[in-house]
Amino acid sequence: MTIDGLPPLREVIATHGLSARKALGQNFLLDLNLTAKIARVPGDLSGADVLEVGPGPGGLTRGLLAEGARKVLAIEKDARCLPALQEIQQAYPGRLEVISGDALEVDPLGHLQGPIHVAANLPYNVGTELLIRWLTPAQWPPFWAGLTLMFQREVAERIVAGPGDKAYGRLAILAGWKTKARIAMTLAPEAFTPPPKVHSAVVHLIPRPEPLFPANPDILEQVVAKAFNQRRKMLRASLKGLVPDVEDALREAGLAPTERAERVEIEGFAALARAVEARRKA
Ligand code: SAM
């Protein structure tokens, strides 16, 4: 038995026949000390609801509940995991709700009360798609007070990178514009069963009350996408066609036309988005 009175995760997996499925990105965390450590990344959870995506056999779920989350709402695509999650529901009466379904299709908001933290250890493609959705809602500040997300380390670095870093690009600019993002932990492949090929990292993102610098989000995204499409080219070349007088727009934004995307701060991209918007409106 373990601290929560539930069986160790290896036993849970054996009892419920949860052999890992590659198609669902199943690399499970079986060390409850480690899942407790991840559950502490968001800070005090008492008085908060947690949206957990992809609970699997429930290691992180158990960590979040043991750390005092008021309620965990867990969305899991693999119905084989439901009996294991039911056992956790019995150990924490009234505090765990499970939705069986695809997190890309389920709207969980009616089931949660603020403040809401999000925690997830997801397959890479699903995690990135959800992160972008959570960073680009219709309203800001968003519904969530924090995101605690596991990614492969290379993706985590793309989220927290700054100008001059090899990983600096669209994801870092979107995340840095809207949030304070940091890598809270890194994990070796052996932390997972089965071990993936790459290292992983937990990223913690806290929303800024408002984006760091004013800019139209769609235009900022267009500018950044075009600039990083050819990241080593000078901006006057990579941004050609964005507006007829792109060099003027760059100068107005305080950027040298010979500058390269990988060295431009978020402030510069926001100023450029404003200059582009002004020209399009004129
Ligand atoms: N949280 C568990 C842990 O840390 O051990 C499991 C992590 S495993 C990397 C990813 C989990 O996400 C699996 O349980 C998988 O079935 C689930 N999953 C994959 N795609 C999903 C989706 N679109 N919606 C909800 N769950 C999904």
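Residues numbered from 1 in each chain as written. Predicted model: local features only at pLDDT ≥ 70, side-chain atom pairs only at ≥ 80, totals over all residues. Heavy atoms only, no water.

A few points about the domain arrangement of the protein chain
Much of the literature gives interface size as the accessible area that the parts lose upon coming together. The cut-off we apply is this: Domain delimitation in this document rests on an assignment produced automatically or drawn from a domain database. Pairs of residues are marked as contacts when any of their non-hydrogen atoms sit within 4.5 Å. Two parts placed together each lose some accessible area under a 1.4 Å probe, and adding up what both lose gives the buried area. The rule for a salt bridge is simple: a side-chain nitrogen of Lys or Arg has to be within 4 Å of a carboxyl oxygen of Asp or Glu. Distance and chemistry together define a polar contact, namely a pair of N or O atoms within 3.5 Å, with one atom able to donate a hydrogen and the other to accept it when in protein, and with adjacent residues in sequence counting only for side-chain atoms on both sides. Amino acid classes used here: Ala, Val, Leu, Ile, Met, Phe, Trp, Tyr, Cys and Pro are nonpolar; Asp, Glu, Lys and Arg are charged; the rest, including Gly, are polar.
Taken domain by domain, the protein chain holds domain 1 (9-207) and domain 2 (217-281). Averaged C-alpha coordinates put domain 1 and domain 2 at centres separated by 34 Å. Taken together, the contact between domain 1 and domain 2 spans 11 residues of the former and 14 residues of the latter. Between domain 1 and domain 2, roughly 1000 Å² of surface is buried when both sides are summed, and carbon and sulfur atoms account for 67% of that area. Considering only the surface of domain 1 that becomes buried against domain 2, Tyr168, Arg170 and Trp177 emerge as the three largest contributors, covering 55% of it. With its nearest N and O atoms 2.3 Å apart, the salt bridge here joins glutamate 221 to arginine 170. Put simply, domain 1 and domain 2 have 5 residue pairs in polar contact (both at pLDDT 80 or more) between them. Taken together, the residues of the side of domain 1 that touches domain 2 sort by class into 5 nonpolar, 3 polar and 3 charged.

Regarding the packing of aromatic side chains
Selection criterion: Only rings of Phe, Tyr and Trp enter the pairing, Trp through its six-membered ring, and a pair is recorded when the two centres are within 6.5 Å. The plane angle decides the type: under 30 degrees is stacked, over 60 is edge-to-face, the rest tilted. Secondary structure counts use DSSP, requiring at least four H or I residues in a row for a helix and at least two E residues in a row for a strand, with both numbered from the N terminus. Partly exposed residues are those whose accessible area sits between 20% and 50% of the maximum for their type, while under 20% is buried and over 50% is exposed, using a 1.4 Å probe and protein chains only.
Evaluation of the coordinates by the stated rule reveals 3 aromatic pairs. Pairing phenylalanine 228 with phenylalanine 269 gives two aromatic rings, centres 5.7 Å apart and planes at 40 degrees, and the pair type is tilted. Here phenylalanine 228 is found in helix H8 (residues 217-229), whereas its partner phenylalanine 269 is found in helix H11 (residues 266-281), with 41 residues between them in sequence. The buried category is assigned to phenylalanine 228, whose relative accessible area is 11%.

Looking at the nonpolar core
What counts, and what does not: Residues enter a nonpolar core if they are buried and are Ala, Val, Leu, Ile, Met, Phe, Trp, Tyr or Cys, with the set joined through side-chain atoms within 4.5 Å.
Within the largest apolar cluster, 32 residues are counted, with the highest numbers of intra-cluster contacts made by Leu64 and Leu187. Those elements that provide at least two residues to this core are helix H1 (9-16), strand E1 (28-29), helix H2 (32-39), helix H3 (59-66), strand E3 (71-76), helix H4 (82-91) and strand E7 (179-187). In contact with leucine 187, not counting residues within four places along its chain, are Leu29, Leu34, Met150, Phe192, His199, Ser200 and Val202. In this structure, Leu112, Ala120, Trp134 and Leu171 belong to the second largest nonpolar core, which totals 30 residues.

Some words on the site of the ligand
Our working definition: We call a residue near a molecule or strand when any one of its heavy atoms sits within 4 Å of it. For every accessible area listed, the method is Shrake-Rupley and the probe measures 1.4 Å; residues are considered covered only by the protein chains on display.
Close to the ligand lie 21 residues, the nearest being Leu29, Gly54, Glu76, Asp102 and Asn121. Within the contact set of the ligand, a nitrogen atom lies 2.9 Å away from a backbone nitrogen or oxygen of alanine 103. When the ligand sits alone it has 590 Å² of accessible area, and the protein chains cover 98% of it. Listing elements by their share of the shell around the ligand, those giving two or more residues are E1 and E3.

Description of the packing of helix H7 (residues 170-178) against H8
Using the following cut-off: Note on geometry: axes are lines fitted to C-alpha atoms, helical ones only across the stretch in contact, with angles between N-to-C directions running from 0 to 180 degrees. Should an angle lie under 35 degrees it is considered roughly parallel, over 145 roughly antiparallel, and from 65 to 115 roughly perpendicular; all remaining angles are considered oblique. Should the near helix be turned anticlockwise from the far one by less than a right angle, the crossing is left-handed, and should it be turned clockwise, the crossing is right-handed.
At a minimum axis distance of 10 Å, the contact between H7 and H8 shows a crossing angle of 150 degrees. Relative to H8, the element H7 lies roughly antiparallel. With respect to the hand of their crossing, H7 and H8 are arranged in right-handed fashion. Of the residues in H8, those touching H7 at Arg170, Ile173 and Trp177 are Pro217, Leu220, Glu221, Val224, Ala225 and Phe228.

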